[in-house]
Amino acid sequence: METKKKGTIKYLIRIIAFLLILTFLVFEVSYAFRPVIEDWDQEASGFMGYWGEPEDSIDVLCYGGSELFTYWAPLEAYELYGFTSYSLGRSALRTPLYASLLEEALETQKPQLVVIGFRAFATDLEVVPDGYFRWTADMLPYDTHRVDMINAAMPYMVDADENPITDSSSYYFDIIKF
């Protein structure tokens, strides 16, 4: 009887190991199939640069739409006033994405002040086009903040013809789309 139990446990461990490896491969292969977006590098480098900063090294985080990375000069603020800052923005950042992206940003930095751009709240930026969302989501690692962002955006998601999108599976697993 003990031998049968050990055999069952080994079998379950193999299944779990296989599923973990398969999940890892699906996520990693998904990156290889993502399309190349011409302008993506400019904005993605801002996000990737932020996550490349040493932990807790930023005093002020300016966060929001393009108005922040267009009108705030972190180097000038440092030279004139001696504090570190980072302008973390995304062109026309949609309001349903604010919370999840900010939570992700605060994972590695604990700034003394967060300046939030509110232009998106005063304009009609609640609709989240599919292409825009993928461009934004692709900047995030696969973690709970990305899942939260997908869940928050789904009620506002529209395709290129502005029809509502109801199936979220391709946002969780990119390889389904590409």
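Here is a short report on the structure shown in this document. (Residues numbered from 1 in each chain as written. Predicted model: local features only at pLDDT ≥ 70, side-chain atom pairs only at ≥ 80, totals over all residues. Heavy atoms only, no water.)

**A word on the overall build of the protein**
Logical step 1: Within the protein, the secondary structure is distributed over 10 helices and 5 strands.
Logical step 2: The buried share among the 178 residues of the protein stands at 35%.
Logical step 3: When contacts within the protein are restricted to residue pairs at least 6 apart in sequence, long-range pairs at least 24 apart make up 77% of them. (Helix = DSSP H or I, 4+ residues; strand = E, 2+ residues; numbered from the N terminus. Buried < 20%, exposed > 50% of the residue type's maximum accessible area, 1.4 Å probe, protein only. Contact = heavy atoms within 4.5 Å.)

**A short note on the side chain of Arg94**
Logical step 1: Topologically, Arg94 is positioned in the loop between strand 2 (85–89) and helix 5 (98–105).
Logical step 2: By relative accessible area, Arg94 is classed as buried at 13%.
Logical step 3: Of the polar contacts made by the side chain of Arg94, one reaches the backbone oxygen of Val127; its length is 3.0 Å. (Polar contact = N/O pair within 3.5 Å; in protein donor to acceptor, adjacent residues only side chain to side chain.)

**Some remarks on unusual backbone geometry**
Outside of glycine, negative phi angles account for most residues, and trans bonds account for most peptide bonds.
Logical step 1: Of note in this structure, Asp56 is not a glycine but carries a positive phi near 55°.
Logical step 2: Classification of Asp56 by relative accessible area gives partly exposed; the value is 47%.
Logical step 3: If you check the backbone angles, Glu162 has positive phi at about 65° while not being a glycine.
Logical step 4: Summarising the element assignment, Glu162 is placed in the loop between strand 5 (157–158) and helix 9 (169–172).
Logical step 5: Relative accessible area serves as the criterion here: at 63%, Glu162 is assigned to the exposed category.

**What about the packing of aromatic side chains?**
Logical step 1: By the definition in use, this model includes 6 aromatic pairs.
Logical step 2: With a centroid separation of 6.4 Å and 75° between ring planes, the pair formed by Tyr50 and Trp51 is classed as edge-to-face.
Logical step 3: Taking relative accessible area as the criterion, Tyr50 reaches 0% and is therefore assigned buried.
Logical step 4: Judged by relative accessible area, Trp51 falls into the partly exposed class, the value being 22%.
Logical step 5: Their ring planes at 70° and their centres at 5.2 Å tell us that Tyr50 and Tyr86 sit as a pair that is edge-to-face. A residue pair is termed long-range when its members are at least 10 positions apart, and Tyr50 in helix 2 (residues 40–52) and Tyr86 in strand 2 qualify at 36 residues.
Logical step 6: Chaining the aromatic ring pairs together yields one cluster made of Tyr50, Trp51 and Tyr86. (Phe/Tyr/Trp six-rings, centres within 6.5 Å; stacked < 30°, edge-to-face > 60°.)

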